[in-house]
Amino acid sequence: MRTSIATVCLSGTLTDKLHAAADAGFDGVEVFEPDLIASPSSPEEIVALAARLGLSLDLYQPFRDAEGVSEEEFVRVLHRARSKFALMQRLGIDTMLVCSNVGTATVDDDEVSASQLRRLGDAAAAAGVRLAYEALAWGRYVDDYRRSWRIVELADHDAVGLCLDSFHILSRGHDPAEIEEIPGSKIFFLQLADAPALTMDVLSWSRHHRLFPGEGAFDLGAFVGHVLRTGYDGPLSLEVFNDVFRQTDVVRTARQARRSLTWLEDLVETRRLPAVAEPAGFDFVEVRAEDTGEADVLLGQLGFTFRGRHRSKDARLWTEGPARVVCNEQHARNQSPSLAAVGFEVADPAVSAARARALQAPTVYRRTLANEQELPAFRAPDGTEVFLGPVSSGDAAWVPEFDGGQEPTPPLLTGIDHVNLAEPWQCFDEAVLFYSSVLGLTPAASQEIAAPNGLVRSQVVRSASGSCRLALNVAPLAWDQAGGFPQHVAFSTDDVAAVARRAVDRGLVPLAIPTNYYDDLMARFDLSSSEVEAMAELGLLHDRDATGDFTHFYTATVGGVFFEVVQRRGGYDGYGAPNAGVRLAAQHRRPR
Ligand SMILES: O=C(O)c1ccc(O)c(O)c1
Ligand SMILES: [Mg+2]
């Protein structure tokens, strides 16, 4: 299918936007009128630039407050429309988007709106252009696509059709299945936007919080399916009003936008992307620093076995059961410890890598010597290096590349439960799309956690089985001054108290949890004071829900990394959210 993007989605000047759209591989753009009006380039110069970039100009938009008006007002509408039709001729654009009236409508009557659209259609046809009528979710009288379709049917004019915009339909909860009753030839244009599930007025939701498909809560796959079954054969066009994308790098946003359409086309149409199952689990995590020593100490205290040094790289491996941590000092001069890479076990790394490339994920190159396993790797929007390895039972195939270490002992840890990543604020939505589209993880609902210095927005992307869970966090800006929001790896166990006891015996000082927290635990749960005292001694935190419970503890932070150990019981599927604020406050008291 042809792809298009509204210039309003992107930052910069109109020419910046055209360059970025072409660079990302879009076929065309919707020209958003304010971008043209503010541009020093003449319409002819814009046409020439678009032609040089191989972009078509697919839509001129928006034309506001056109119907449902008094006849006196309609005279002015016609005057305005004729001058825009002349402009469209100069731009070589054949379709104009006409929004349902939000400002000047005084007549709530389908016949009146239809008659006015019909007369606008006559003027449009005379200029060789056509009109795509769009019901805005906050239109004064017309705020439902079914009503806009009735009006277009009544107008009964070859130059008057519909524009369907997923946001206006799905934000209002209107059933998109009825789109299939509209003939595809009367759908002149299709605009696509996703959005997070928010409870707020629909105008603000639309103007500030739209997202690219796959980044929000709407079912765009089903939506586009309904539209395609009408026979619609125009472009899939993105129209995303978003406060972040207005200020972030235009080239990067355009690529993110194009990735979202690649993902969506694959869902609805041809299944062109190599199909992958969700990851089976984590292969490894990597801590990188000029000197990872403090992390090595924590891992030893948590019970990890030192398995040796890498044959050809400045890296050490620690394992405890299937949990593997690489401490990498290669090419890390002046870096304090950070979580640099996460390896995933996938059914077929070559297929997963082909999918990642098709989704324009940037490749990470690492030197691999003969006899070393080559794992394909890609850079996530947040900078994390994502490695794709085969599913292993026991040690991964690359483990023997490390030697000079000890034999592993019977493990208390059962694996990596989740990895918690810090997302630069401008990368968050892109990261959700990356991890879900490239790896096949599924986004869960997002949460907010109150830290002493601001709200942390947190969203989990995970495999359905729970074998792979990533928590993506946007930290308040204050953390940047404090050296960055710490990232962490949570290991799973069936006996968290035993792991904590062993760690404390080996010198670990767990993150200190206040007495007030334990008083509250006793108030909320049926726990005796001796049980709670035992927990306090080991820094254990606790949570419960209807299905089970969760006990966990945290290490101190080294550089930008700390570790957590968690024990899930019953069907508990969360992450101890009520405890996250307590943890953040404790970390805030201990500046690194
Ligand atoms: O927010 C608006 O005004 C607006 C304008 C044009 C559109 O296509 C749209 O969906 C919204
Ligand atoms: Mg729209």
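Treat the numbers as computed from the prediction; the structure is a model and nothing was measured.

Q: I'd love a proper account of the overall build of the protein, names of residues and values included.
A: A count of helical and extended segments in the protein gives 18 helices and 24 strands. For the protein, the C-alpha atoms occupy an extent of roughly 85 × 60 × 40 Å along the three principal directions. Counting across all 592 residues of the protein, residues that qualify as buried make up 58%. Long-range pairs, those at least 24 residues apart, make up 75% of the contacts in the protein between residues at least 6 apart in sequence. In the structure as shown, the protein presents an accessible area of about 23200 Å², 50% of it carried by carbon and sulfur atoms. The positive charge centre, built from 55 side chains, and the negative charge centre, built from 82, are 3 Å apart in the protein.

Q: Quick one: what's the story with the coordination of the magnesium ion (ligand 2), residue by residue and with numbers?
A: Coordination of the magnesium ion (ligand 2) by the protein comes from Glu134 (OE), Asp165 (OD), Gln191 (OE1) and Glu239 (OE), over a distance range of 2.0 to 2.1 Å. For the magnesium ion (ligand 2), the 6 donor atoms in the first shell make angles of 77 to 174° at the metal, so the coordination geometry reads as octahedral. Positions of the donor residues of the magnesium ion (ligand 2), expressed as sequence spacing, correspond to E-x30-D-x25-Q-x47-E. Of this pair, Glu134 sits in strand β5 (residues 130-134) while Asp165 sits in strand β6 (residues 160-165), and the two are 31 residues apart along the sequence.

Q: So what's going on with the packing of helix α5 (residues 110-126) against helix α6 (residues 145-155)? Which residues, and what values?
A: Axis separation between α5 and α6 bottoms out at 8 Å; the angle between their running directions is 60°. Here α6 runs oblique to α5, going by the angle between their axes. Here the hand of the crossing between α5 and α6 comes out right-handed. Where α5 approaches α6, its residues Asp110, Glu111, Ser113, Ala114, Leu117 and Arg118 are matched on the opposing element by Arg147, Arg150, Ile151, Leu154 and Ala155. Each residue belonging to the contact of α5 with α6 can be placed in one class, and the counts come to 5 nonpolar, 1 polar and 5 charged.

Q: For the packing of aromatic side chains, give the residues involved together with the corresponding values.
A: Taken as a whole, this structure holds 16 aromatic pairs when the rule is applied. Ring plane angle 65° and centroid distance 6.0 Å describe the contact between Trp398 and Phe402, whose orientation is recorded as edge-to-face. According to the relative accessible area criterion, Phe402 is buried, its value standing at 9%. Here the aromatic rings of Phe434 and Tyr435 are separated by 5.3 Å at their centres, their planes lie at 90°, and the arrangement is edge-to-face. In this structure, Phe434 and Tyr435 share a single accessibility class: buried. Members of the aromatic cluster, joined through ring pairs, are Phe284, Phe387, Trp398 and Phe402. If you follow Arg130 out to its NZ or CZ, it ends over the ring of Phe188, 3.9 Å from the centre. Geometry around Phe26 places Arg258 over its ring, the cationic atom sitting 5.8 Å from the centre.

Q: Account for the domain arrangement of the protein, with residues named and values stated.
A: By a frequent convention, interface size equals the accessible area lost on bringing the separate parts together. On domain assignment, one finds that the protein holds domain 1 (3-267) and domain 2 (281-589). Inter-centroid distance (C-alpha atoms) of domain 1 to domain 2 is 43 Å. Of the residues lining the interface, 18 residues belong to domain 1; the matching set on domain 2 comes to 17 residues. Residue Arg252 is joined to Glu430 by a salt bridge in which the shortest nitrogen-to-oxygen separation is 3.1 Å. Viewed at the interface, domain 2 and domain 1 are joined by 4 residue pairs in polar contact (both at pLDDT 80 or more). Top element by residues in the side of domain 1 that touches domain 2 is helix α10 (residues 250-270). It accounts for 9 residues. In terms of residue class, the side of domain 1 that touches domain 2 is made up of 6 nonpolar, 6 polar and 6 charged.

About the thresholds
Residues numbered from 1 in each chain as written. Chains lettered and ligands numbered in written order. Predicted model: local features only at pLDDT ≥ 70, side-chain atom pairs only at ≥ 80, totals over all residues. Heavy atoms only, no water. Helix = DSSP H or I, 4+ residues; strand = E, 2+ residues; numbered from the N terminus. Buried < 20%, exposed > 50% of the residue type's maximum accessible area, 1.4 Å probe, protein only. Contact = heavy atoms within 4.5 Å. Areas by Shrake-Rupley, 256 points an atom, 1.4 Å probe, with all protein chains shown as cover. Lys, Arg positive; Asp, Glu negative; His and termini not counted. Charge placed at Lys NZ, Arg CZ, Asp CG, Glu CD. Donors = N, O, S within 2.8 Å, 3.2 Å for Na, K, Ca; no water. Tetrahedral: all angles 85-135°; square planar, octahedral: opposite > 155°, others 65-115°. Axes fitted to C-alpha atoms, helices over the stretch in contact; angles between N-to-C directions. Parallel < 35°, antiparallel > 145°, perpendicular 65-115°, else oblique. Left-handed = near helix turned anticlockwise from the far one by under 90°. Nonpolar A, V, L, I, M, F, W, Y, C, P; charged D, E, K, R; others polar. Phe/Tyr/Trp six-rings, centres within 6.5 Å; stacked < 30°, edge-to-face > 60°. Lys NZ or Arg CZ within 6 Å of the ring centre and 35° of its normal. Domains from an automatic or database assignment. Salt bridge = Lys/Arg side-chain N within 4 Å of Asp/Glu carboxyl O. Polar contact = N/O pair within 3.5 Å; in protein donor to acceptor, adjacent residues only side chain to side chain.

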